[in-house]
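# Reading the structure
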Amino acid sequence: MAITSVKNLKEFSTANDRFEGSHLLCPGCAHSMIVRELMNATDDNLVVASSTGCLEVCTAVYPYTSWDTSWIHIGFENSATAASCAEAMYKARKKKGTLPNPDAPVKFVAFGGDGATYDIGFQWLSGAMERGHDFTYICLDNENYANTGGQRSSSTPIGASTSTAQAGTHSYGKTQKKKDIVAIMAAHGAPYVAQLAPNKWKSMAKGFQKALETEGPCFINTVSACTTEWKFDPKDTISITDLATDSLMFPIYEIINGTELNILYRPKNIIPVEDYLGAQGRYRHLFKPENRHVIERIQKDIDEKWEYLQRREEARV
Amino acid sequence: MSTGVLGTEKRGIRELGAEEKVGWDEVTRGVVLNSFEGDASNVAHQKAEERQYADFNSYTATVASWRIIKPVYNRDICIDCQNCWVWCPDTSIISRDKQMLGIDYDHCKGCGVCVEVCPTNPKSLLMFSEAKEQEEALAEWPEKKKKEKK
Ligand SMILES: Cc1ncc(C[n+]2csc(CCOP(=O)(O)OP(=O)(O)O)c2C)c(N)n1
Ligand code: SF4
Ligand code: SF4
Ligand code: SF4
Ligand SMILES: [Mg+2]
């Protein structure tokens, strides 16, 4: 099966985009960068389901669609349900011999924001993973409910100010840690789970190719810098993402069959998380003397997580 | 203003909101918006100019009015690295056969990401006021910058 070459960027650029412009995502939104990198990595026919959220709402504003694939607009909590059930129906019809084009390469993909994935659609996602459908779930993780005005989610990191966990005289923003969705998905026994970032386009494209080739339910968490709610200039989406991956706030790694953990990106110079936090308005208050302890806490958590990931990579458990 | 093969005139591009609306009950049953006219089974192997876009495809619409500043492209310095292509969030960098051809001003929102990720010195893409003429912008292009000492 011919799959787009991701050997180098020049080769990759010969892919024919199947995600069109004049969608209504904010200028500089990372959601669309991620979707383009993923869709350009394959020429398979895709059946895509999107949970309600910025991606869905902004790419299918009547009378327009930005999707050059089969695509369904589904409830906030239901993209895993829709994609997995379409897959089940496809399999059944293949068996019965009622498909008009049974040999066409078809893959099933679900997109959800972190609100949809970590919180509202969590149970439905878990169900689809457990049932073992052959599909790939992509979480566009911008760490808040962006489409409804930036409420905190269980993916919002400690210390971030959101519209429902606002920093002020009595609060430093969200007080709870981010949920480790990658570990939870790996614990389902999923054959392929990864955390990827759009600044590392090659690991993004390769990770998606791997997920599509892998039979069974695959999960990819992607870091999606949100210019509006993270509060940075739209031109800086990629440089902010560089700071995220180089500070190890977002380590890039995959877990195969729940045990084989591979780190996919090791920064040459690991930068202090302060540099990442300082570049965004949602963390500005942490630089006040009374909140400095939160930055120290975040750095400590990062260091421990990195140590943990490296140990697991070594131990193969 | 539009570039080469993807010219506005050829596509009959419309302002968002200016399109003739069809009632929900007149849309294909099940509320299906077809992205293409006719057989679309091969689009992954077709370039934009080879496709039969349906009016429902957002490709046929423009968001040019969102821009206050716009990127201008200087071919003389470009090394065709494709950084701008891979990271443009609005599918607005036109690349064909590994070559950067220019900007699709119907879909570009002027975010400036392409300029930031352009590695040449001076940059091959720079932001200018939307009103600036292309030739004028090119005439004002900066010289090669000496490496800043860190
Ligand atoms: C059941 C249900 N509850 C609430 C909403 C309102 N709603 C629409 S989008 C959204 C936020 C989506 O957040 P997320 O999934 O993180 O996606 P993002 O917009 O951040 O990309 C909410 C709360 C809804 N559509 N359905
Ligand atoms: S609010 Fe954030 S996620 Fe939503 S479109 Fe804007 S930048 Fe993208
Ligand atoms: S300014 Fe933004 S939308 Fe326009 S071409 Fe550059 S990256 Fe794409
Ligand atoms: S990023 Fe700059 S050098 Fe690279 S292809 Fe684009 S314009 Fe040319
Ligand atoms: Mg979100």
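Scroll up for the structure.
Here's what I pulled together on the structure shown here. Being a predicted model, the structure only gives us computed values, none of them experimental. (Residues numbered from 1 in each chain as written. Chains lettered and ligands numbered in written order. Predicted model: local features only at pLDDT ≥ 70, side-chain atom pairs only at ≥ 80, totals over all residues. Heavy atoms only, no water.)

Residues in contact with ligand 3 amount to 13 residues; listed here are only the nearest, B:Cys88, B:Cys108, B:Cys111, B:Gly112 and B:Cys114. Of the residues contributing to the shell around ligand 3, the split by class is eight nonpolar, three polar and two charged. (Near = heavy atom within 4 Å. Nonpolar A, V, L, I, M, F, W, Y, C, P; charged D, E, K, R; others polar.)

In this assembly, 42 residues from chain A lie in contact with 51 residues from chain B. Counting every contact that joins chain A to chain B gives three salt bridges. We note a salt bridge from A:Asp68 to B:Arg51, for which the minimum N-O separation is 3.0 Å. Run the count over chain A and chain B and you get 26 residue pairs in polar contact (both at pLDDT 80 or more). Counting residues per element, the ones that place at least two in the side of chain A that touches chain B are helix H1 (9-12), helix H2 (30-39) and helix H10 (237-246) of chain A. Here the residues of the side of chain A that touches chain B sort into 17 nonpolar, 14 polar and eleven charged. (Contact = heavy atoms within 4.5 Å. Salt bridge = Lys/Arg side-chain N within 4 Å of Asp/Glu carboxyl O. Polar contact = N/O pair within 3.5 Å; in protein donor to acceptor, adjacent residues only side chain to side chain. Helix = DSSP H or I, 4+ residues; strand = E, 2+ residues; numbered from the N terminus.)

Turning to the site of ligand 1, a few remarks are in order. Residues and elements named next belong to chain A. Lining the immediate surroundings of ligand 1 are 16 residues, of which His 31, Cys 54, Gly 115, Ala 116 and Asn 144 lie closest. Within the contact set of ligand 1, an oxygen atom lies 2.8 Å away from a backbone nitrogen or oxygen of Gly 115. Between an oxygen atom of ligand 1 and a main-chain N or O atom of Asn 147, the distance comes to 3.0 Å. If one sorts the elements of the shell around ligand 1 by residue count, helix H5 (residues 114-120) sits on top with three residues. Classifying every residue of the shell around ligand 1 by side-chain character gives five nonpolar, nine polar and two charged.

So, on to the pattern of salt bridges. Residue and element names in this part refer to chain A. Applying the stated criterion across every chain yields a total of 24 salt bridges over all chains. Lys 235 is the salt-bridge partner of Asp 236, the closest N and O atoms lying 3.2 Å from each other. With a relative accessible area of 19%, Asp 236 lands in the buried category. Of the residues examined, Lys 235 reaches a relative accessible area of 30% and is grouped as partly exposed. With a shortest N-O distance of 3.3 Å, Glu 304 and Lys 300 are connected by a salt bridge. (Buried < 20%, exposed > 50% of the residue type's maximum accessible area, 1.4 Å probe, protein only.)

Residue and element names in this part refer to chain A. At this site the magnesium ion (ligand 5) is bound by Asp 114 (OD), Asn 142 (OD1) and Asn 144 (O), with donor distances of 2.0 to 2.1 Å. Look at where the donors of the magnesium ion (ligand 5) fall in the sequence and you get D-x27-N-x1-N. Of this pair, Asp 114 sits in helix H5 while Asn 144 sits in the loop between strand E4 (136-141) and strand E5 (167-168), and the two are 30 residues apart along the sequence. (Donors = N, O, S within 2.8 Å, 3.2 Å for Na, K, Ca; no water.)

The next thing to look at is the environment of A:Ser22. Relative to the assigned elements, A:Ser22 resides in the loop between H1 and H2. C-alpha separation for the pair A:Ser22 and A:Ala60, spaced 38 residues apart in sequence, amounts to 10 Å. In this structure A:Ser22 touches A:Ser66, B:Ser58, B:Ala61, B:Thr62, B:Val63, B:Asp106 and B:His107, once residues within four positions along its chain are discounted. One polar contact links the side chain of A:Ser22 to the main-chain carbonyl oxygen of B:Ala61, over a distance of 2.8 Å. At 3.5 Å, the side chain of A:Ser22 forms a polar contact with the backbone nitrogen of B:Val63.

On to unusual backbone geometry. A cis amide bond, omega 10°, links A:Tyr62 with the succeeding residue A:Pro63. Within the secondary structure layout, A:Pro63 lies in the loop between helix H3 (54-59) and strand E2 (70-73). The step from B:Asn121 to B:Pro122 runs through a cis peptide bond, and the omega angle for that step is -5°. As for its position among the elements, B:Pro122 is in the loop between helix H3 (113-117) and strand E6 (125-129). In the Ramachandran plot, B:Gln82 falls in the positive-phi region, its phi being about 75° despite a non-glycine side chain. Following the sequence through the fold, B:Gln82 ends up in the loop between strand E3 (69-73) and helix H2 (83-87). Not every positive phi belongs to a glycine, and B:Thr91 is a case in point at roughly 45°. Take B:Thr91: it is sitting in the loop between H2 and strand E4 (93-96). The buried category is assigned to B:Thr91, whose relative accessible area is 14%.

It is worth spelling out helix H4 (residues 79-96) of chain A at this point. Residues and elements named next belong to chain A. Between its first and last C-alpha atoms H4 spans 26 Å; for 18 residues at 1.5 Å apiece the expected length is 26 Å, and the two agree. Among all positions in H4, only Ser 79, Ala 80, Ala 82, Ala 83, Ser 84, Glu 87 and Tyr 90 are buried. Looking at the buried residues of H4, the elements they touch are strand E1 (45-50), E2, strand E3 (106-113), helix H6 (122-131) and E4. A positive phi of about 75° marks Gly 97, the residue just after H4. (Expected span 1.5 Å × (residues − 1).)

So, to be careful, I would describe these as geometric facts and stop short of saying anything about function.
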